[in-house]
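Listed below are the residues making up each chain.
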Amino acid sequence: QVQLVESGGGLVQAGGSLRLSCAASGGTLTNYVMAWFRQAPGKEREFVAAISRSASSTSYADSVKGRFTISRDNAKNTVYLQMNSLKPEDTAIYYCASRILPTITTYSGAYGSWGQGTQVTVSS
């Protein structure tokens, strides 16, 4: 089981950018589909983006398409989420997650390991 630690969150003005990082340990990153989810207070955890083991495929929530980019550096055991043109509705705790099976899914229950989350706050 891989351990995940997110970083890079913070406070940013609307229209600004942040890059989140997810550092993995305890496993070989190439064995895992990686994803980002987010959760705002009082709301369900929602899918943001996912990337296949080889980075040949990606998937994005409609709300972030064209603004967010997921990438991975398997040599560094790190996954990134580049967030541009941030909006106040992007405010949430962002979680990194991993899945051992090779297919991308938006279902949070399909991911076996989760990070502790990093707070992203976008001001108007």
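Residues numbered from 1 in each chain as written. Predicted model: local features only at pLDDT ≥ 70, side-chain atom pairs only at ≥ 80, totals over all residues. Heavy atoms only, no water.

**Student:** Provide a residue-level description of the nonpolar core, including the pertinent values.
**Tutor:** Counting 35 residues, the largest nonpolar core has Met 34, Trp 36, Val 48, Phe 68, Leu 81, Met 83 and Tyr 94 as its most contacted members. Broken down by secondary-structure element, the contributors of at least two residues to this core are strand S3 (18–25), strand S4 (33–39), strand S5 (46–51), strand S7 (68–73), strand S8 (78–83), strand S9 (92–99) and strand S11 (118–123). Excluding residues within four positions of it along the chain, Val 48 makes contact with Trp 36, Phe 37, Arg 38, Ser 59, Tyr 60, Ala 61, Val 64, Phe 68, Leu 81 and Tyr 94. (Core = buried A, V, L, I, M, F, W, Y, C linked by side-chain atoms within 4.5 Å. Buried < 20%, exposed > 50% of the residue type's maximum accessible area, 1.4 Å probe, protein only. Helix = DSSP H or I, 4+ residues; strand = E, 2+ residues; numbered from the N terminus. Contact = heavy atoms within 4.5 Å.)

**Student:** Pulling in residues and values, what's your account of the sheet that holds S8?
**Tutor:** Pairing is antiparallel in the open sheet, where four strands are placed in the order S1-S3-S8-S7. Unpaired on one side and paired on the other, strand S1 (3–7) and S7 mark the two borders of the sheet. Mean inter-strand twist for the sheet, computed between neighbouring axes without regard to direction, equals 15°. Strand direction decides the pairing type here: S7 and S8, joined by six bridges, are antiparallel. Paired with Phe 68 across the bridge in S8 is Met 83. (Pairing = 2+ DSSP bridges. Axes fitted to C-alpha atoms, helices over the stretch in contact; angles between N-to-C directions.)

**Student:** Quick one: what's the story with unusual backbone geometry, residue by residue and with numbers?
**Tutor:** Here the phi dihedral of Asn 77 falls at roughly 55°; this positive angle occurs in a residue that is not glycine. Residue position: Asn 77 is located in the loop between S7 and S8. The phi torsion at Ser 85 lies on the positive side, around 50°, for a residue other than glycine. Turning to its location among the elements, Ser 85 is positioned in the loop between S8 and S9. Overall, the relative accessible area of 42% leaves Ser 85 in the partly exposed class.

**Student:** Can you explain the side chain of Ser 113? Please cite residues and give values.
**Tutor:** Among the structural elements, Ser 113 can be located in strand S10 (residues 113–114). The class of Ser 113 is buried, set by a relative accessible area of 6%. Here Val 2 takes part through its backbone oxygen, which lies 3.0 Å from a polar atom of the side chain of Ser 113. Those residues in contact with Ser 113 that sit more than four places away from it in its chain are Gln 1, Val 2, Leu 4, Cys 96, Ala 97 and Ser 98. (Polar contact = N/O pair within 3.5 Å; in protein donor to acceptor, adjacent residues only side chain to side chain.)

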